[in-house]
Amino acid sequence: MKHIFILLSGLLIGTLASAQDNTLATANTGGVKVVKDSRLDLLIKKQIYINTLAIRNQPGFRVQVISTNKRNEATDMKAKVMQLYPDFRTYLDYQAPYFKVRVGDFKNRDEAADLRDKLSSSFTGGVFVVPATINVQPEKEAGNEESY
């Protein structure tokens, strides 16, 4: 009885081992074929386009209109600046415990000073040019380089 059990076990193990070898032999017969959806190429192109239009951060200057510890006062001032000067981006920064309303993205201090002079006539509490990390869009940079 022992001999029959050992013989059957040996045959079973041998069959399983050869089955593994057969699957490996058939898998190595050809190359790898990748099937992908054509929409993936469109998504990749769209992401490249978005990345080239992305806003880049650079050191520059902004004009600070107000620095207060009252959020409502800062948001009201931001709304007023946005109404009077819609051509410039307006930012509400929080640096504990102060809310600061800053206007514009300028590469040099002279451009920011021009806006400061305009804003000084409308806002009384002190308008200052401050260094900041500004947002520059690539198409604006390209336009500035071509004008030289």
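Residues numbered from 1 in each chain as written. Predicted model: local features only at pLDDT ≥ 70, side-chain atom pairs only at ≥ 80, totals over all residues. Heavy atoms only, no water.

1. Comments concerning the overall build of the chain
In step 1: In terms of helices and strands, the chain carries five helices and four strands.
In step 2: Helices and strands in the chain line up, N terminus first, as α-α-β-α-β-β-α-β-α.
In step 3: Looking at the 148 residues of the chain, the share that counts as buried comes to 23%.
In step 4: At a minimum sequence separation of 6, the contacts of the chain that also span at least 24 residues come to 72%.
In step 5: Summed over its atoms, the accessible surface of the chain is roughly 11400 Å², and 58% of this surface lies on carbon and sulfur atoms. (Helix = DSSP H or I, 4+ residues; strand = E, 2+ residues; numbered from the N terminus. Buried < 20%, exposed > 50% of the residue type's maximum accessible area, 1.4 Å probe, protein only. Contact = heavy atoms within 4.5 Å. Areas by Shrake-Rupley, 256 points an atom, 1.4 Å probe, with all protein chains shown as cover.)

2. Digging into the pattern of salt bridges
In step 1: Under the counting rule described, the total for this entry stands at four salt bridges.
In step 2: The salt bridge involving Asp41 is made with Lys36; its shortest N-O contact spans 3.0 Å.
In step 3: Taking relative accessible area as the criterion, Lys36 reaches 52% and is therefore assigned exposed.
In step 4: Ionic pairing is found between Arg62 and Asp105, a salt bridge with its closest N-O pair at 3.0 Å. Placement of Arg62 in strand 1 (residues 56–68) and of Asp105 in strand 3 (residues 98–106) is noted, with a sequence separation of 43 residues between them. (Salt bridge = Lys/Arg side-chain N within 4 Å of Asp/Glu carboxyl O.)

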